Amino acid sequence: MITGTAQDKTSLARKTEEIDRLHATLVKLFQTGPALSQAPGAVPPSHQLASPTPTPTAPPSPRLTEALHLALLADSQKSDATKKETARTVALFVQAFGDKPVQEITGRVVGEFRDLLFSLPSSYAKSKQDLDLNAEVERAQEFDLPTLSGKSVKNHFMRLSALWNQLVRREIADKNPWSNWDFDLTKRNPRRAWTDDELALLSSSAWTCSTISQATFAGITLVAAYSGMRLGEICSLRNEDVQEVDGIPCFLIRPHPEDKWALKTEAGTRNVPIHSALLDWGILDFRKNGEKFLFAELKTPKSGPRGTDFGRNFSKFKTTIGLPAAITFHSFRHTVSTRLRNQAGDLRELWIDALLGHESSHKSQGPRPIFLALQQKTLSRPSRHSAIRPYF
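Residues numbered from 1 in each chain as written. Predicted model: local features only at pLDDT ≥ 70, side-chain atom pairs only at ≥ 80, totals over all residues. Heavy atoms only, no water.

Pulling in residues and values, what's your account of the sheet that holds strand β1 (residues 242-245)?
Overall, antiparallel pairing links the three strands, which are arranged β1-β2-β3 in an open sheet. A strand with exactly one partner marks an edge of an open sheet, and here the two such strands are β1 and β3 (270-273). Strand after strand, the sheet turns through a mean of 50° between neighbouring axes, direction not considered. Pairing between strand β2 (residues 248-253) and β3: four bridges, direction antiparallel. Looking at β3, one finds that I253 is bridged to R270. (Pairing = 2+ DSSP bridges. Helix = DSSP H or I, 4+ residues; strand = E, 2+ residues; numbered from the N terminus. Axes fitted to C-alpha atoms, helices over the stretch in contact; angles between N-to-C directions.)

The following block contains the structure:
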């Protein structure tokens, strides 16, 4: 109980009234106030965070052909010759890799383009530019065609490097991936010989081409494996090119101007003894009366060397059965060369070069033929009924 004087009682009453008034005010605020009438836990508007400012995004990188127009073709100070040559190089890149955005053309892509250029036949620059690049690379490998020189590849890179310098100045590209490349290469198309396992895989796999028979496939492949002849030389053999020389059956590799058939080098004109394994297998059975070519089944194309279709199908076949890209039909030449050089006995480099049609630097040595060395039965014989196996 509260006790005291009348004055104390009056003071207490006033304080009680003040407390009631404040209570009423708080109740009214909770019921009608704009800030506190929101859901529990809501942040008052005055304390809400402002909406974040959108981060400016970089404009998309232009594609190569668009960049070419921006940085070069629209430049009146550049010569027409420079524009034409650079546009031609850009078109070649687009044909190989597509019209990529500039920022996606990295050093890795540039390196792949460099490898591709070094693998293209030199005749590609003189032909229609809509040819399939992969097919052209395969053709150069299979027919041992000369490929683009280091100078030609360097010129392509110099044009693209000059274009990229303009793109860097315009802040379209961050850096120039076309500079500081080496073009002084002596071996542009590294190839290697077949391994025993790869030969076994090839010989045990069924030929899948429907336009060229198994017999023709076996005959052409065996000639390559037992002579080291180029695919073009084999496919262009005429029946009249099978003759005896000093009592030894030979393939006569020689030009035929009447058909515009020429050899790669002067050393390519030569007589190649027919290995006894080929004779036992029945290679001479391909000679047919009334036919011009030994492998008469092959079609002569309107343009390009005879055997182009076979080379293309052989490339598809080896890929289908899982053989690596480093192995091509031309690898038979490397196989024959390697195995002859590793043969026990006195086989001079001069004789091996003469067999393969290579230019020899050992001209002081005697011209003893390699015929008898190849006629010796030192290699395994292919079975007439087992397609192409075994080779060696």
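From this point, things continue past the structure.
Hey, could you go over the packing of aromatic side chains for me, with residue numbers and the actual values?
Each pair of aromatic rings is reported with the distance of its centres and the angle of its planes. If you walk through the whole model with that rule in mind, you get 20 aromatic pairs. Measuring from ring centre to ring centre gives 5.1 Å for F93 and F97, while their planes differ by 35°; the resulting arrangement is tilted. Highlighted residues: F93 and F97, both in helix α3 (residues 80-97), separated by four residues, approximately one helical turn. Take F93: its relative accessible area is 0%, and that puts it in the buried class. Ring plane angle 20° and centroid distance 6.2 Å describe the contact between W281 and F286, whose orientation is recorded as stacked. In terms of burial, W281 and F286 fall into one category: buried. Aromatic rings pair up to connect F93, F97, F113, F157, W164, W178, W181 and F183 into one cluster. (Phe/Tyr/Trp six-rings, centres within 6.5 Å; stacked < 30°, edge-to-face > 60°. Buried < 20%, exposed > 50% of the residue type's maximum accessible area, 1.4 Å probe, protein only.)

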